[in-house]
Amino acid sequence: MALLHTPGLRAAACEVRHESPCKVIPCFWRGKYFSSGREPAENQVTPMLRHLVYKIKATGPITVAEYMKEVLTNPAKLLGIWFISEWMATGKNAAFQLVELGPGRGTLSGDILRVFSQLGSVLKNCDISIHLVEVSEKLSEIQALTLTEEKVPLERNPGSPAYMKGVTKSGIPISWYRDLQDVPKGYSFYLAHEFFDVLPVHKFQKTPQGWREVFIDIDPQASDKLRFVLAPCVTPAEVFIQSDETRDHVEVCPEAGVIIQELSQRIALTGGAALIADYGHDGTKTDTFRGFCGHKLHDVLIAPGTADLTADVDFSYLRRMAEGKVASLGPIKQQTFLKNMGIDVRLKVLADKSDEPSRQQLLQGYDMLMNPKKMGERFHFLALLPHQRLHGGSHPMNECQSKPSPSPVAGFGELAWR
């Protein structure tokens, strides 16, 4: 096998000649795809914590004031408004499912449910149900503690597609599944927040002989160490590389493609939408595979199993996987999405209720979220919607539904309430 030379991995590679036949990596993975993090430890790894950790890694330590105001101005609840806005824009269907992939500890779903409760007058005639796709039994139990009503016992049926059921604190039915395909089909809104960046990727390097996949091998000079090498010949995953690819190093995630295709088929068939929010790029970056241990960058090949592994999401690949079935909007930067979602109004409401020192702290937190040199351009949003949503058409409606009319998609255009 040939030695791999890429900027992010060069330090881990060393010279090697390998005379063995071409070996390939199987195209299936046995990772916990629908889990947003490692098994729960003493420190609760909430979506907010992950958001803060990434920001600190990118821009340096923050003050206590910035930390407090970051939490106050965090955009999580704006996602709940996004789903309600889409529900209203498409005719106020009599029922909808909210489906979250990899819900972590349930914090984000909890924030969205609180928005639903606060806007109960808008949703009073809508039958809502919550569906969480989570393979980790431990995390699902923590999600249940976060979201469900203690007085209503959970129903557990390990052999059923819905292996756990309950009722949220606001009285909404909630169910857990191990796979997206097990979630009942129907008019649904799907949320994947910091989910796709933890799915496994195949890595490829362009060579004079064509594309060669990056493998991980044992270092011949140290039997207890690993190193990156290049496959000596073509491997099956190369089919995922575009023929007009101009980068010299790419990462592809077949599992993400499968999930996007499933989401697209469901949305095209029954309506609804999907909102994908993650750290990523639009087909421009190369080597983004990295590890984090103890909130610090960690060599991905050292002490495997002790660090969280991640790779930036290639949104251009997700869009290609959805083409033909549904329309896509984005990816757009967090700065643009939050501004379109009304974060400026939210800031003003909070600032008007604060004294001057608190007001300045709010502005600092806002700057961290929106400044292009900080977090404003690092986090991106992508929406998948039925083609009819953007062209003024509609899905078949029952007699109780209002006729939908075209309106801007919240976050991707001016937010409009009807």
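As a reminder, the structure under discussion sits directly above these lines.
What you see is a predicted model, and the numbers here were worked out from it, not measured in a lab.

Cut-off values and rules
Position labels on residues start from 1 in each chain and follow its written sequence. The predicted origin of the model limits local features to residues at a pLDDT of at least 70 and limits the giving and counting of side-chain atom pairs to 80 or more, whereas totals for whole chains, interfaces and linings rest on all residues. In computing side-chain values, all of the structure's heavy atoms are included and hydrogens and water are not. Only runs of H or I of at least four residues qualify as helices and only runs of E of at least two qualify as strands under DSSP, and these elements are numbered from the N terminus. With a 1.4 Å probe rolled over the protein chains alone, any residue whose accessible area is under 20% of its type maximum counts as buried; one over 50% counts as exposed, and the rest are partly exposed. Per-residue and other accessible areas follow the Shrake-Rupley method at a 1.4 Å probe size, with only the shown protein chains counted as cover for residues. Aromatic pairing here means that ring centres of Phe, Tyr or Trp (its six-membered ring) are within 6.5 Å. Orientation follows from the plane angle: under 30 degrees is stacked, over 60 is edge-to-face, and everything else is tilted. Only when DSSP finds a minimum of two bridges between them are two strands counted as paired. Angles shown run from 0 to 180 degrees and are taken between the N-to-C directions of axes, each axis being a line fitted to C-alpha atoms and, for helices, limited to the stretch in contact. Just so you know how the angles are binned, under 35 degrees is roughly parallel, over 145 roughly antiparallel, 65 to 115 roughly perpendicular, and the rest oblique. By definition, any crossing whose near helix is turned counterclockwise from its far helix by less than a right angle is left-handed, and any crossing with a clockwise turn is right-handed. By the convention used here, residues are in contact when the closest approach between their heavy atoms is within 4.5 Å. N or O atoms within 3.5 Å of each other form a polar contact, as long as, within protein, one can give a hydrogen and the other can take it, and as long as residues adjacent in sequence are counted only when both atoms are side-chain atoms. Expected span of a helix, by definition, is 1.5 Å for each gap between consecutive residues, and there is one gap fewer than residues. What we call a nonpolar core is a set of buried Ala, Val, Leu, Ile, Met, Phe, Trp, Tyr and Cys residues that are connected through their side-chain atoms within 4.5 Å.

Asker: Even after reading the chapter, I still don't get the overall build of the protein chain, so can you show me in this structure?
Answerer: A count of helices and strands for the protein chain gives 12 helices and 18 strands. Counting across all 418 residues of the protein chain, residues that qualify as buried make up 52%. As displayed, the protein chain has an accessible area near 20,000 Å², and 54% of this comes from carbon and sulfur atoms.

Asker: Where do I start with the packing of aromatic side chains in this structure?
Answerer: Aromatic ring pairs are described here by two measures, namely the spacing of the ring centres and the angle between the planes. Counted according to the given criterion, the structure contains 11 aromatic pairs. Here phenylalanine 83 and phenylalanine 189 contribute two aromatic rings whose centre-to-centre distance is 5.9 Å and whose plane-to-plane angle is 50°, an arrangement assigned as tilted. With phenylalanine 83 in helix H3 (residues 76-89) and phenylalanine 189 in strand S7 (residues 188-193), the pair connects residues that are 106 residues apart, well separated along the chain. Residue phenylalanine 83 is classed as buried on the basis of its relative accessible area, which comes to 0%. Assessed through its relative accessible area of 1%, phenylalanine 189 is described here as buried. Each ring, one from tyrosine 187 and one from phenylalanine 189, has its centre 5.4 Å from the other, and the planes form 75°; the classification is edge-to-face. Among the aromatic side chains, those forming a connected cluster through ring pairs are Trp82, Phe83, Trp87, Phe96, Phe116, Tyr187 and Phe189.

Asker: So what exactly am I meant to see when it comes to the pairing of strand S12 (residues 272-281) here?
Answerer: Taken residue by residue, a regular strand's side chains alternate between the two faces of the sheet. Burial of S12 is extensive: 10 of the 10 residues sit out of reach of the surface. On S12, burial covers both faces: Gly272, Ala274, Ile276, Asp278 and Gly280 on one face and Ala273, Leu275, Ala277, Tyr279 and His281 on the other are all buried. Here S7 runs beside S12; their pairing, made up of six bridges, is parallel. Within S12, the residue paired with alanine 192 across the bridge is isoleucine 276.

Asker: Could you clarify how one ought to interpret unusual backbone geometry in this entry?
Answerer: Excluding glycine, residues mostly carry a negative phi; peptide bonds, for their part, are mostly trans. Looking along the chain, the bond that leaves glycine 330 and enters proline 331 is cis, with omega of 5°. In this fold, proline 331 is placed in strand S17 (residues 327-333). Look at alanine 303: it is not a glycine, yet its phi comes out positive at around 50°. Examined against the element boundaries, alanine 303 turns out to sit in the loop between strand S14 (296-298) and strand S15 (308-310). The exposure class of alanine 303 is partly exposed, given its relative accessible area of 38%.

Asker: Quick question: what am I supposed to make of the packing of helix H7 (residues 254-270) against helix H8 (residues 315-322) here?
Answerer: Packed helix pairs are specified by the crossing angle of their axes together with the interaxial distance, meaning the distance between the axes. Close contact between H7 and H8 brings their axes to 8 Å; oriented N to C, the two are set at 45°. As summarised for this structure, H7 and H8 are arranged oblique, according to the angle between their axes. As for the relative orientation of H7 and H8, their crossing is right-handed in sense. For the pair H7 and H8, the contacting residues are Pro254, Ala256, Gly257, Ile260, Gln261 and Ser264 in the first and Tyr317, Leu318, Met321 and Ala322 in the second.

Asker: I tried to follow the side chain of arginine 266 on my own but got confused; where do I start?
Answerer: By the secondary structure assignment, arginine 266 is in helix H7. Its relative accessible area of 1% is what places arginine 266 among the buried residues. One polar contact links the side chain of arginine 266 to the main-chain carbonyl oxygen of glutamine 181, over a distance of 3.5 Å.

Asker: I'm lost on helix H4 (residues 107-118) in this one. Help?
Answerer: Working note: α-helix, 3.6 residues per turn, so residues spaced by three or four point in the same direction. Between its first and last C-alpha atoms H4 spans 17 Å; for 12 residues at 1.5 Å apiece the expected length is 16 Å, and the two agree. Of all the positions in H4, only Leu108, Ser109, Gly110, Asp111, Ile112, Leu113, Val115 and Phe116 are classed as buried.

Asker: For this particular structure, what's the right way to read the nonpolar core?
Answerer: Here is a general trend for soluble globular proteins: nonpolar side chains tend to be buried in one another's company. Among the nonpolar cores identified, the biggest contains 53 residues, and Trp82, Trp87, Phe96, Phe116, Phe337, Phe381 and Phe412 are the most heavily contacted of them. Counting residues in hydrophobic clusters, the runner-up holds 31 residues, among them Ile267, Ala311, Phe315 and Leu384.

Asker: When you look at the sheet that holds strand S13 (residues 290-293) in this model, what are you seeing that I'm missing?
Answerer: On the basis of which strands lie adjacent, the open sheet formed by three strands has the order S14-S13-S15 and antiparallel pairing. With partners counted over all chains shown, the strands left at the sheet margins are S14 and S15, one partner each. Across the sheet, the mean angle separating the axes of adjacent strands is 40° when strand polarity is ignored. Where S13 and S15 come together, three bridges link them in antiparallel fashion. Bridge pairing in S15 places arginine 290 opposite threonine 310.

Asker: What am I meant to see in the side chain of lysine 203 here?
Answerer: Considering the arrangement of structural elements, one finds lysine 203 in strand S8 (residues 202-207). Among the polar contacts made by the side chain of lysine 203, one reaches the side chain of glutamate 251 at a distance of 2.6 Å.

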